[in-house]
Amino acid sequence: MATARGVHTDGGCEEKGPEGSCPESGPHSATIPRVKLLDTLVDTFLQKLVAAGSYQRFTDCYKRLYQLQPEMTQRIYDKFITQLQTSVQEEISEIKAEGNLEAVLNTLDRIVEEGKDHTELAWRPSGIPEEDVRSAMVPYFLQQRDALQRRVHRQEAENRQLAEAVLAGRRRVEELQQQGQAQQQAWQALRREQKELVGVLGEPE
């Protein structure tokens, strides 16, 4: 008696053989790509669909036609099965394309493969909603607090730099004002000396 086998997305089997073991189990059974598993499921579905609509059942439904034109009945059945398989395959292809299933399944395979290296236990709810919410939200709030503190520190550093630049500008303006006043005083003193010299030279003997 034949043994029925089904395919799971995790690489296992739905039913076991007569010895109680999975015929496809092995060191590489868990690494079957999910895209390939999906294609296998579609092929299995088509095989079962064709088996369900066997030629015998078809002729039972159209006995009169089969009795009169058996060859034509066979051609009609073959064409019906071919179109049915083509329609199902096209529909599945459109669903895969619209949902981008191949990329999604490949990404899932990669995530599962990367997760094999993680030995820490995954988070599980404790059954106490308050503690579960606290354990989930507190790390998030602490992370946000640290991010805000870093932004505040950066802003304070920028403000100090701006304040220092403003003070340096004010000192520079004061220095320029002092230099201008010194030059003005020197020019006024020079003018007085010139006037005194002109007065001395211009006095009659």
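Residues numbered from 1 in each chain as written. Predicted model: local features only at pLDDT ≥ 70, side-chain atom pairs only at ≥ 80, totals over all residues. Heavy atoms only, no water.

Considerations on the overall build of the protein chain
The cut-off we apply is this: Labels follow the DSSP assignment, with helices taken as runs of H or I lasting at least four residues and strands as runs of E lasting at least two, numbered in each case from the N terminus. Residues are treated as being in contact if the distance between any of their heavy atoms lies within 4.5 Å. Note that accessible areas follow from Shrake-Rupley with a 1.4 Å probe, and for residues the cover is restricted to the protein chains shown.
The helix and strand tally for the protein chain stands at six helices and zero strands. Scanning the protein chain from its N terminus toward the C terminus, one meets helices and strands in the order α-α-α-α-α-α. A separation threshold of at least 6 residues defines the contact pool for the protein chain, and within that pool the share at least 24 residues apart is 46%. Accessible surface for the protein chain amounts to roughly 17,400 Å². Of this, 55% is attributable to carbon and sulfur atoms.

Quick word on the confidence of the model for the protein chain
So the rule is basically this: pLDDT expresses how confident the predictor is about each individual residue, on a scale running from 0 to 100.
Residues with a pLDDT of 70 or more make up 82% of the protein chain, whose mean pLDDT is 79. Long-range and interchain partners of residues 1-29, a stretch whose pLDDT sits below 50, account for 28 contacts in this model, where long-range means more than four residues apart.

Let's talk about the packing of aromatic side chains
Selection rule: Two aromatic rings, drawn from Phe, Tyr or Trp (for Trp, its six-membered ring), form a pair once their centres lie within 6.5 Å of each other, and the interplanar angle then sorts them: stacked below 30 degrees, edge-to-face above 60, tilted otherwise. With a 1.4 Å probe rolled over the protein chains alone, any residue whose accessible area is under 20% of its type maximum counts as buried; one over 50% counts as exposed, and the rest are partly exposed.
The tally for this structure, following the rule as stated, stands at six aromatic pairs. Arranged with centres 5.2 Å apart and planes meeting at 65°, the rings of Tyr 55 and Tyr 77 form a pair that is edge-to-face. Of the two residues, Tyr 55 is situated in helix H2 (residues 55-61) and Tyr 77 in helix H4 (residues 70-98); the sequence distance between them amounts to 22 residues. Look at Tyr 55 and you get partly exposed, because its relative accessible area is 21%. A relative accessible area of 9% places Tyr 77 in the buried class. Pairing Phe 58 with Tyr 62 gives two aromatic rings, centres 5.0 Å apart and planes at 45°, and the pair type is tilted. Owing to a relative accessible area of 15%, Phe 58 belongs among the buried residues under this scheme. Among the residues examined, Tyr 62 registers a relative accessible area of 43% and is labelled partly exposed.

Side note on the packing of helix H1 (residues 34-52) against H4
Going by this rule: All axes are obtained by fitting lines to C-alpha atoms, using only the stretch in contact for helices, and the reported angles, taken between N-to-C directions, cover 0 to 180 degrees. Angle categories are assigned with fixed cut-offs, so that under 35 degrees is roughly parallel, over 145 is roughly antiparallel, 65 to 115 is roughly perpendicular, and the rest are oblique. Each crossing gets its handedness from the near helix: less than a right angle anticlockwise from the far helix is left-handed, clockwise is right-handed. Gly is put with the polar residues, along with every residue not named as nonpolar or charged; the nonpolar set is Ala, Val, Leu, Ile, Met, Phe, Trp, Tyr, Cys and Pro, and the charged set is Asp, Glu, Lys and Arg.
Between H1 and H4, the least distance of the axes is 11 Å, while the angle of their chain directions is 155°. With respect to each other, H1 and H4 are oriented roughly antiparallel. The element H1 and its partner H4 pack so that their crossing is right-handed. Across from Leu 38, Asp 39, Val 42, Phe 45, Leu 46, Leu 49 and Val 50 in H1, the residues of H4 making contact are Tyr 77, Ile 81, Leu 84, Gln 85, Val 88, Gln 89, Ile 92 and Lys 96. Looking at side-chain class alone, the contact of H1 with H4 contains 11 nonpolar, two polar and two charged residues.

Overview of the environment of Leu 105
When you line up the elements, Leu 105 lands in helix H5 (residues 101-115). As a C-alpha pair, Leu 105 and Lys 36 span 69 residues in sequence and 9.7 Å in three-dimensional space.

Some words on the packing of H1 against H5
Angle between the axes and distance between the axes: these two values describe a pair of packed helices. Relative orientation of the contacting elements H1 and H5 amounts to 130°, with a least axis distance of 8 Å. On the basis of the axis angle, H1 is oblique to H5. The segment H1 lies against H5, with Arg 34, Val 35 and Leu 38 engaging Leu 101, Glu 102, Leu 105, Asn 106, Leu 108, Asp 109 and Val 112. Of the residues in the contact of H1 with H5, the class split is six nonpolar, one polar and three charged.

Side note on a negative patch on the surface
Note the cut-off: Residues forming no salt bridge and having over 30% relative accessible area are the ones grouped into patches, like charges within 9 Å of each other and nonpolar side chains (Val, Leu, Ile, Met, Phe, Trp, Tyr) within 5 Å. In the sections that follow, a salt bridge refers to a side-chain nitrogen of Lys or Arg positioned within 4 Å of a carboxyl oxygen of Asp or Glu. Positive: Lys, Arg. Negative: Asp, Glu. His and the chain ends are not part of the count. Where a charge lies is defined by one atom per residue type: Lys uses NZ, Arg uses CZ, Asp uses CG and Glu uses CD.
A grouping of Glu 90, Glu 91, Glu 94 and Glu 98 is seen on the molecular surface, where their side chains present a negatively charged patch. With respect to the helices and strands, the residue Glu 98 is situated in helix H4. Under the relative-accessibility criterion, Glu 98 is labelled exposed at 70%.

Structural notes on the pattern of salt bridges
Summed over all chains, the structure comprises five salt bridges. Among the salt bridges present, the one from Arg 34 reaches Asp 109, with a minimum N-O distance of 2.5 Å. Of the two residues, Arg 34 is situated in helix H1 and Asp 109 in helix H5; the sequence distance between them amounts to 75 residues. For the pair shown, Arg 34 and Asp 109 are each scored as buried. For Lys 96, the salt bridge goes to Glu 102, with nearest N and O atoms at 3.7 Å. Note on Lys 96: relative accessible area 14%, which makes it buried.

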